[in-house]
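# A structural walkthrough
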Amino acid sequence: MADKPVRADKATAVAELTDRFRNADATVLTEYRGLTVAQLTKLRRTLGQTATYSVAKNTLAKRAAVEAGISGLDELFTGPTALTFVSGDVVEAAKGLREFAKANPHLVIKGGVFEGKAISAAEVNKLADLESREVLLAKLAGAMKANLSKAAALFQAPLTKTARLAAALQEKREQEEAAA
C-alpha cells in the first residue's frame, strides 16, 4: 500500500493542509454530521477572519498532521471531520465553536491542536472558558498599575513622615519660644 503512487491532487491537498497545520495558532477538529450547508455557512461567518473552517478527508488530514509534526490525533480522524484553523485569538474561536455547538447539537467538538500538542474536547472547552486576550491584558495592566501605586506610596512614606516630623518639631520650637 505504501508503494502506491500518490496522485498529484492529493499530494497538493496534503501539502496545503500541512502548511495550514504549521501556520495555525491552534486547530480544532469537529464532526459536522447532520448540519446543513446554511448552518456551516453561518458557522464560518461566526468564526470571522481569524479562523477558517474547512472539511477535509480523514486520510489526507491525518497524513498532513503527521508531516506537520503533530501526533496524538489519529483517534480523532473518524467520521466526517472538519478542521478549524485559528490564526488569531484561540479563545475567541473556541468560544465561537462552543456557542455554535450549543445552538446546533449536531456539531461535535472532537479535540484539536494547541501550541503543537494534541488536546481533548474538554481542553478546547477550557480554552473557551478563558477570558479574551484583551480582557486578560487589561487585568494584567491593572494589577501592574496597582502594584506600582503601592510601591510609590511605600517609597513616599518615609519622606512624608520626615516632613511631618520636621513640621512638628518646628511647631514645638515656636511654642517654646512664645512661652519663654
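This text goes with the structure placed above it.
This report concerns the structure included in the present document. (Residues numbered from 1 in each chain as written. Predicted model: local features only at pLDDT ≥ 70, side-chain atom pairs only at ≥ 80, totals over all residues. Heavy atoms only, no water.)

### Looking at the overall build of the protein chain
For the protein chain, the helix and strand inventory stands at 6 helices and 5 strands. Order of helices (α) and strands (β) in the protein chain, N terminus to C terminus: α-β-α-β-α-β-α-β-β-α-α. Scored against the burial criterion, the 180 residues of the protein chain give a buried share of 32%. (Helix = DSSP H or I, 4+ residues; strand = E, 2+ residues; numbered from the N terminus. Buried < 20%, exposed > 50% of the residue type's maximum accessible area, 1.4 Å probe, protein only.)

### Quick notes on the sheet that holds strand 1 (residues 26-31)
Sheet strands pair by backbone hydrogen bonding; their relative direction is either parallel or antiparallel. Judged by pairing direction, the sheet is antiparallel, and its 5 strands sit side by side in the order 2-3-1-4-5 without closing on themselves. Each end of this open sheet is capped by a strand with a single partner; those strands are strand 2 (51-55) and strand 5 (117-120). Neighbour-to-neighbour, the strand axes of the sheet open up by a mean angle of 20°, direction not taken into account. Bridge analysis of strand 1 against strand 4 (residues 108-114) gives 6 bridges, and the strand direction is antiparallel. (Pairing = 2+ DSSP bridges. Axes fitted to C-alpha atoms, helices over the stretch in contact; angles between N-to-C directions.)

### Examining helix 1 (residues 8-23)
Compared with an ideal rise of 1.5 Å per residue, which puts 16 residues at 22 Å, helix 1 spans 22 Å between its outermost C-alpha atoms and is within 8% of the ideal. Within the sequence span of helix 1, burial applies to Val14, Leu17, Thr18 and Phe21. Along the axis of helix 1, the buried residues cluster in a sector spanning 105°; they form a single face. Along helix 1, exposed side chains directed more than 90 degrees from the buried face belong to Ala8, Thr12 and Asn23. Where helix 1 is buried, its residues meet strand 1, helix 3 (58-67), strand 3 (81-86) and strand 4. (Expected span 1.5 Å × (residues − 1). Arc of directions from axis to C-beta. Contact = heavy atoms within 4.5 Å.)

### Points about the packing of helix 2 (residues 37-47) against helix 4 (residues 90-103)
Any two packed helices are characterised by how steeply their axes cross, that is the angle between the axes, and by the distance between the axes. Running from amino to carboxyl end, helix 2 crosses helix 4 at an angle of 150°, the nearest separation of the two axes being 9 Å. Between helix 2 and helix 4, the interaxial angle falls into the category roughly antiparallel. Taken as a pair, helix 2 and helix 4 cross one another with a handedness that is right-handed. Contacts between helix 2 and helix 4 involve Gln39, Lys42, Leu43, Thr46 and Leu47 on the former and, on the latter, Ala93, Gly96, Leu97 and Phe100. (Parallel < 35°, antiparallel > 145°, perpendicular 65-115°, else oblique. Left-handed = near helix turned anticlockwise from the far one by under 90°.)

### Observations concerning the pattern of salt bridges
Applying the stated rule across the entire model yields 4 salt bridges. Put simply, Arg7 and Asp9 hold a salt bridge, and the shortest N to O gap is 2.8 Å. Its relative accessible area of 46% is what places Asp9 among the partly exposed residues. Residue Arg98 is joined to Glu99 by a salt bridge in which the shortest nitrogen-to-oxygen separation is 3.9 Å. By relative accessible area, Glu99 is classed as partly exposed at 42%. (Salt bridge = Lys/Arg side-chain N within 4 Å of Asp/Glu carboxyl O.)

### What to know about the packing of helix 4 against helix 5 (residues 121-129)
Where helix 4 contacts helix 5, the axes come no closer than 7 Å and their chain directions differ by 110°. Considered as vectors, helix 4 and helix 5 are oriented roughly perpendicular to each other. When the axes of helix 4 and helix 5 are compared, the crossing they make is left-handed. Judged by residue contacts, Val90, Val91, Ala94, Lys95 and Arg98 of helix 4 engage Val124, Asn125, Leu127, Ala128 and Asp129 from helix 5. Within the contact of helix 4 with helix 5, the residues separate by chemical class into 6 nonpolar, 1 polar and 3 charged. (Nonpolar A, V, L, I, M, F, W, Y, C, P; charged D, E, K, R; others polar.)

The values are spatial; any link to function lies outside them.
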